[in-house]
Amino acid sequence: MTEVLAAPGPVGAPPDRDVLLEVRSLRTYFKVLDGIVPAVDDISFSLKRGQTLGIVGESGSGKSVTALTIMRLLDIPPASIGDGSEVWFDGREILSMPLDEMRKIRGNDAAMIFQEPLTSLNPVFTIGDQIAEQVELHLKIKKRAAMDRAIESLQLVGIPSPERRVKQYPHEMSGGMRQRVMIAMALSCEPKLLIADEPTTALDVTIQAQILELLKSIQQRTGSALLLITHDLGVVAEMVDNVIVMYTGQIVEQGTVHEVLLEPRDPYTMGLLESIPSVEKRGGRLSAIKGVVPSPFNLPPACRFEPRCPYAWDRCRTVPPDLNRVGSGGHLARCHLHTSEGAGRLPDALQRHRTALNLGRTLPTGGH
Amino acid sequence: MEAREARMDSAFDHGLAVPQVRGKLRRRLVPGLLRARAILYGILAIILVIAFTLAVSVVFLRIKGAGDLLITLWPAYAFVLAGYLATRGFKDRKLWAFGLAMTVGVLLAGLGVALVLGVMGVSGGDGNKAFAVVLLGLIFVGFGLPLTWSLTGSRRWFTELRGAEGPAIRTADVLEQEVTVADLVIHPGAVPAVAMTVAPTVAMTEGERHGNVDPLVSVRGLKKHFPIVGGLLRRQIGTIYAVDGVDFDIYPGEVFSLVGESGCGKTTLGRTLLQLTPPTDGRVVFNGLELEDVDPDDMRPLRRKMQIIFQDPFGSLNPRMPVSDIIGEGLFAQGITNRAERDKRVEDSLEIVGLRRDYTRRFPHEFSGGQRQRIGVARALALNPDFVVCDEPVSALDVSIQSQVLNLLLDLKRDLNLTYLFISHNLSVVEYFSDRIGVMYLGKIAEEGTVEELYRNPRHPYTVALLSAIPDPDPRKRRKRLVLKGDVPSPAAPPSGCRFHTRCWLRERLGNPEQCSTVEPVLRVLDDTGHRAACHFAEEINEAVVQETAATQSVLETAVAG
Ligand SMILES: Nc1ncnc2c1ncn2[C@@H]1O[C@H](COP(=O)(O)OP(=O)(O)OP(=O)(O)O)[C@@H](O)[C@H]1O
Ligand code: SF4
Ligand code: SF4
Ligand SMILES: [Mg+2]
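Residues numbered from 1 in each chain as written. Chains lettered and ligands numbered in written order. Predicted model: local features only at pLDDT ≥ 70, side-chain atom pairs only at ≥ 80, totals over all residues. Heavy atoms only, no water.

Trainee: I'd love a proper account of the pairing of strand 7 (residues 306–309) of chain B, names of residues and values included.
Mentor: Residues and elements named next belong to chain B. Side chains Met306 and Ile308 project from strand 7 onto one buried face, and the interleaved Gln307 and Ile309 project onto a second face that is buried too. As paired strands, strand 7 and strand 8 (residues 387–391) are joined by four bridges and run parallel to one another. Bridge assignment links Gln307 to a residue of strand 8, and that residue is Val388. (Buried < 20%, exposed > 50% of the residue type's maximum accessible area, 1.4 Å probe, protein only. Helix = DSSP H or I, 4+ residues; strand = E, 2+ residues; numbered from the N terminus. Pairing = 2+ DSSP bridges.)

Written out as structure tokens, the structure is:
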């Protein structure tokens, strides 16, 4: 549908050796009663070995489906993957791979952590059994050694008295503990890629801080690449090198964490950052993105953000915007403002963004 | 000078003035009397059952002989046994528990009919006797149920069952927090007298800082404990100290926020304050009116003035009700029974929260999360309240919708002159939204102060850690966080002395002073701004100490205290 400037490398050929994960023109659909939901709509990105990438977006933007498609954890049907979609992992295309081969990769080289650890742990087996089973399967070692390995990995994530913990069941642990166990499980086979889908959303702030610090230190120590999915711009700012912003199944902005969070160039990202409450905005109103996310069955015809966009003009209602290059580096934004047609409007839009971002900063605080 | 001294006298250790009370709203009957009445009715009912059974057996069925008579009395046994078991189980001996016991007794009697019928039929016993017993059983089921229903005030029983109280605590919830049953029965150590004698250093009362206005809401020593029931007989095996002695004032027109981790008692405090659930102890004075042990039914005149917006925009609206009924329900309860007038009020309040007037016939599932939260706001505002408890009103919403709802709440506050108690775990939202903040930890306020004071100059180690945990969306500000150890302890077994001592970084830094684990710190006034903190060593905290602690901390150790 739209041409993607970011399309990495010629289709069919593996990416460079230093690229661990490369996603090309990925489309995932769900067939539901009311029609077809394009949950992931033509997404391309790549992640180098040992690097960290964040995917942000609001609920329903397709973040989780992207991760699940990469891990091939979706049921097909109801899901279906579009023709021409490719996912290259460690030099191999994994969407076309036989399932049992994929299963080997999933435990060994790529691991995933989910939002609610309780639902992804089996309630009837002890923590130790679950980790050991995975280790046994993937590292092909004896049961005893696997259990030792399980204890070791619990120790690695800072769980006290792991010898006792391996005998416990998931429900006997708190949410933070369970998330640590999930991380231990994911790391027990020393994966090259760790995908964390909202790993701290269900947790309290102080526990979130524990888990994020832990993820950071382990990622640095083991040198694995991290794909972090979250709706929290604060978590992204803290954790990753590069960021992708998603809206209704598409990438709307992509760049380094500094580019995207400090110099956003897509009106949706700009709006998100403007609407974050901060102390400087006290006494004033928050700037808000008007309206709601459109229904997947009734997407606006051209730019999907158009009904909510404060900078929209005629062209936005007729021509779907591409991911356009912003500046000289890899910074991309899906917006007509960054084409020759929109160039005249760009300075004004950026000025309005700066004003909205600083809203209330010049006012005296208080108002009570 | 004399006035000042009088004030000092009246100021408790929490440094707040004694609330001015102009009137009281209390239960029509004190609970003791209610209970006595229930028990009396119960005994009467049992005597009635026995007398009636004997009369029918002897006079009409001509059953003689003590043995036979004892058999015919079986419905009475079932009745008494069930009543006993049920009241044993419901430790707080609520009236409804008694009503339930009665009804269970009657139903058991009904079951017994079938049993006795079977036994007698098989053993070829006396057909006449069998008939008598069956008849008696049926009579009890037929008449006993309506009788006990009306005697024991079942209306109240149902309102309470429906969830004024809610199934607040199940044993499983508690066990999840890693507490053994042995832990549960330990009562938190009594507070040694020394702690209470610390003189308050109040130079200026909170009232004076607010221009000598009386607080709209005063809370003193408020407690809400939930029994933990377990085992076959549903006995009480412990207590959850959900809110355990809280004092604060909320002044007209301000936003007072409560922050803290999940399970620290924020929601319970909000609900107890509104008397949606009766407090275990303590006082709430609303606009000079003391709310003392008010029955949820009797709150109606006050409900209009105090409203609540719930956390979950999906769970808090009845999916089978159209918007007109969701919002109109409260109006109806307030006596606005005229349909046309009610509809107009509903449409007005929809308009106030920025929804279309013609949305009244729609059902909740036809709205997005943000719109549903607006409906929740409209419902709260339809009655023209003065005071609104906002319980995590934006937590379930996406960022782009969150700011819309926050703006709405602020606009309404200004236009309608509202006072908010704002409950949230999102510290950035709270900083933007509030005037004063109370930080809660395990059922108590750890620190309280103005936004400026609390965020710039935190004086409790817990507040410091909370602030350090906020993820900042500015990547230039990446820093080493001060990370707390372990999880929040179970509110069923709060640690001795300072409740925070099991996770406290300051205590560790100071070489684990004994005071922390033996003496409960008082929420004491620290300065002229009314800044209060419950820490023996609040004066030791400063920016340098915090940074140094963060820098030397090991990430892996942070789980150990769990
Ligand atoms: N099993 C399914 N069947 C049908 N539709 C689905 C299914 N799973 C996801 N979707 C749809 O796919 C879209 C993207 O969903 P996804 O879960 O990836 O969003 P998300 O960004 O992860 O949101 P959240 O932050 O709420 O987790 C949504 O429109 C959703 O309704
Ligand atoms: S293309 Fe137009 S409508 Fe879409 S984001 Fe850019 S300016 Fe807004
Ligand atoms: S009293 Fe002791 S344990 Fe409690 S917060 Fe202060 S330093 Fe920490
Ligand atoms: Mg998701």
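From this point on, the discussion continues.
Trainee: How would you explain the sheet that holds strand 12 (residues 323–325) of chain A if you had to name every residue and give the values?
Mentor: Residues and elements named next belong to chain A. Across the sheet, eight strands lie side by side as 7-8-9-3-10-11-13-12; this open sheet has mixed pairing. Here the strands that pair on one side only, and so sit at the sheet edges, are strand 7 (110–113) and strand 12. Each strand of the sheet is rotated relative to its neighbour by a mean of 20°, with strand direction disregarded. Where strand 10 (residues 242–247) and strand 11 (residues 250–256) come together, six bridges link them in antiparallel fashion. Paired with Met246 across the strands is Ile251, a residue of strand 11. Packing of helix 1 (residues 63–70) onto the sheet brings it into contact with strand 3 (52–56), strand 7, strand 8 (193–197), strand 9 (225–230) and strand 10, and relative to strand 9 it is tilted by some 145°. (Axes fitted to C-alpha atoms, helices over the stretch in contact; angles between N-to-C directions. Contact = heavy atoms within 4.5 Å.)

Trainee: Just give me the short version of the site of ligand 1, but keep the residues and values in it.
Mentor: All names here are of chain A. Neighbouring ligand 1 are 13 residues; Ser59, Gly60, Lys63, Ser64 and Val65 lie closest to it. One nitrogen or oxygen atom from the main chain of Gly62 is found 3.3 Å from an oxygen atom belonging to ligand 1. Between ligand 1 and the protein, one listed contact pairs an oxygen atom with a side-chain N or O atom of Lys63 at 2.8 Å. If ligand 1 stood free it would expose 640 Å²; the protein chains cover 62% of that surface. Contributions of two or more residues to the shell around ligand 1 are made by strand 1 (19–32), strand 2 (35–48) and helix 1. (Near = heavy atom within 4 Å. Polar contact = N/O pair within 3.5 Å; in protein donor to acceptor, adjacent residues only side chain to side chain. Areas by Shrake-Rupley, 256 points an atom, 1.4 Å probe, with all protein chains shown as cover.)

Trainee: Report on the packing of aromatic side chains, specifying residues and quantitative values.
Mentor: Two aromatic rings, taken as a pair, are described by how far apart their centres are and by the angle between their planes. All names here are of chain A. Evaluated as defined, the whole model comprises ten aromatic pairs over all chains. An angle of 90° between the planes, with centres 5.4 Å apart, marks the rings of Tyr247 and Phe305 as edge-to-face. Within this pair, whereas Tyr247 is found in strand 10, its partner Phe305 is found in the loop between helix 11 (267–274) and helix 12 (314–318), the two being separated by 58 residues in sequence. Grouping residues by exposure puts Tyr247 and Phe305 together as buried. Ring-pair connections join several aromatic residues into one group, and the members of that group are Tyr247, Tyr268 and Phe305. (Phe/Tyr/Trp six-rings, centres within 6.5 Å; stacked < 30°, edge-to-face > 60°.)

Trainee: Break down the interface of chain B and chain A for me, with residues and values.
Mentor: Every contact between the two is made by 49 residues of chain B and, on the other side, 59 residues of chain A. Summed over both partners, the interface of chain B with chain A buries about 4,500 Å², with 54% contributed by carbon and sulfur atoms. One can count seven residue pairs in polar contact (both at pLDDT 80 or more) joining chain B with chain A. Of all the elements, helix 17 (residues 399–416) of chain B adds the most residues to the side of chain B that touches chain A, at ten residues. Looking at the side of chain B that touches chain A residue by residue, the classes come out as 19 nonpolar, twelve polar and 18 charged. (Buried area = accessible area lost by both parts, 1.4 Å probe. Nonpolar A, V, L, I, M, F, W, Y, C, P; charged D, E, K, R; others polar.)

Trainee: Account for helix 8 (residues 205–222) of chain A, naming residues and giving values.
Mentor: Residues and elements named next belong to chain A. A rise of 1.5 Å per residue sets the reference length of helix 8, with its 18 residues, at 26 Å; its end C-alpha atoms lie 25 Å apart and thus fit the reference within 8%. Summarising burial for helix 8: 14 of the 18 residues are buried, a large majority. Positioned one or two residues after helix 8, Gly223 has a phi angle of 70°, which is positive. (Expected span 1.5 Å × (residues − 1).)

Trainee: Lay out helix 5 (residues 143–156) of chain A in plain terms, naming residues and giving numbers.
Mentor: Residues and elements named next belong to chain A. Helix length check: helix 5, at 14 residues, gives a terminal C-alpha distance of 20 Å against a target of 20 Å (1.5 Å per residue), a fit within 8%. Regarding helix 5, the residues found buried are Ala146, Met147, Ala150, Ile151, Ser153 and Leu154. In an axial view of helix 5, the angular spread of the buried residues amounts to 165°, which keeps them on one side of the axis. Away from its buried face by more than 90 degrees, helix 5 exposes Arg144 and Glu152. (Arc of directions from axis to C-beta.)

Trainee: A description of the sheet that holds strand 7 of chain B should follow, citing residues and the corresponding values.
Mentor: Residues and elements named next belong to chain B. Judged by pairing direction, the sheet is mixed, and its eight strands sit side by side in the order 7-8-9-4-10-11-13-12 without closing on themselves. Either end of the sheet is taken by a strand with one partner, and the two such strands are strand 7 and strand 12 (524–525). Sheet topology note: the strand 4 (residues 255–259)/strand 9 (residues 419–423) ladder contains four bridges and is parallel. For Phe256, the partnering residue across the bridge sits in strand 9 and is Leu421. Where helix 17 meets the sheet, its contacts fall on strand 4, strand 7 and strand 9, and the angle it forms with strand 9 comes to roughly 155°. Contacts from helix 20 (residues 461–469) reach strand 10 (436–441) and strand 11 (444–450), with the element oriented near 105° to strand 10.

Trainee: Could you give an account of the pattern of salt bridges, naming the residues involved and the relevant values?
Mentor: Two side chains that carry opposite charge are able to pair once their charged atoms sit near each other. Under the criterion given, the structure shown has 33 salt bridges over all chains. A salt bridge links Asp148 of chain A to Arg144 of chain A, with the shortest nitrogen-to-oxygen separation between them at 3.3 Å. Here Asp148 of chain A pairs with Arg144 of chain A, and both are found in helix 5, just four residues apart, close to one helical turn. Between Glu254 of chain B and Arg436 of chain B there is a salt bridge whose closest N-O contact spans 2.8 Å. Taken together, the residues Glu254 of chain B in the loop between strand 3 (235–250) and strand 4 and Arg436 of chain B in strand 10 connect sequence positions 182 residues apart. What makes Arg436 of chain B buried here is its relative accessible area of 4%. Within this structure, Arg27, Asp41, Asp42 and Arg304 of chain A form a network of salt bridges that share partners. (Salt bridge = Lys/Arg side-chain N within 4 Å of Asp/Glu carboxyl O.)

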